[in-house]
Amino acid sequence: MKPRPILILFFLLMSIYFYGLGLLSISDKLMFLGFWGIGSIHLLISFGIFLGKDIAITTATYVALLDFLFGLLWGIVGLTLSSFTLAILSALVLFLLLDEDVRMNLKV
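This one's a predicted model, so the numbers in the text were calculated from it and none came from an experiment.

I tried to follow the confidence of the model for the chain on my own but got confused; where do I start?
One rule of thumb: low pLDDT means the predicted coordinates there are not for detailed reading. Of all residues in the chain, 98% have pLDDT values of 70 or greater, and the mean over the chain is 91. Across the chain, the secondary-structure element scoring lowest on mean pLDDT is helix α5 (residues 100–106), at 86, and the one scoring highest is helix α2 (residues 29–51), at 94.

What's the story with the UniProt feature "transmembrane region" (unreviewed entry) in the chain in this structure? I'm lost.
UniProt annotation of "transmembrane region" (unreviewed entry) refers to residues 6–26, 33–52 and 72–98 when read in the numbering used here. The span residues 33–52 is 95% helix and 0% strand, and its two end C-alpha atoms sit 28 Å from each other. For the annotated span residues 72–98, helix accounts for 89% and strand for 0% of the residues, and the straight-line distance between the end C-alpha atoms is 19 Å.

Looking at this model, I keep getting lost on the nonpolar core. Mind explaining?
In summary, soluble globular proteins display a tendency toward joint burial of nonpolar side chains. In this structure, Phe11, Ile49, Val93, Leu97 and Leu106 are the most contacted members of the largest nonpolar core, which totals 19 residues. Of all elements in the fold, only α1 (3–24), α2, α3 (54–77), α4 (81–98) and α5 reach the threshold of two or more residues within this core. If we ignore the near neighbours within four places in the chain, the residues touching Leu97 are Leu7, Phe11, Ala60, Thr61, Ala64, Arg103 and Leu106.

Conventions adopted
Residues numbered from 1 in each chain as written. Predicted model: local features only at pLDDT ≥ 70, side-chain atom pairs only at ≥ 80, totals over all residues. Heavy atoms only, no water. pLDDT = per-residue confidence, 0-100. Helix = DSSP H or I, 4+ residues; strand = E, 2+ residues; numbered from the N terminus. UniProt positions renumbered as here; feature names shortened; annotations may be inferred. Core = buried A, V, L, I, M, F, W, Y, C linked by side-chain atoms within 4.5 Å. Buried < 20%, exposed > 50% of the residue type's maximum accessible area, 1.4 Å probe, protein only. Contact = heavy atoms within 4.5 Å.

This is the structure in structure tokens:
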């Protein structure tokens, strides 16, 4: 399977995940805006990967690294299924994004 649909799907699902967390915390305005901002960043990266933009691919690497680190921190605070899933999926996507052949394939 080609890496482009996997990466687009990952960042699209992550944006939906953060939008959902924002809706769950709608009573706290700053949390709501923060989650929706993070969800929007993931959505823009997904669209940028779909278009094959170099800046989106570079940014996706850093965002996947941040997702992985926050998944690990969340797992340290309290081991839950969602923290484990976030850490594992982010690690797999980060592994894909760090491969030079995949990066060249995405820029086409």
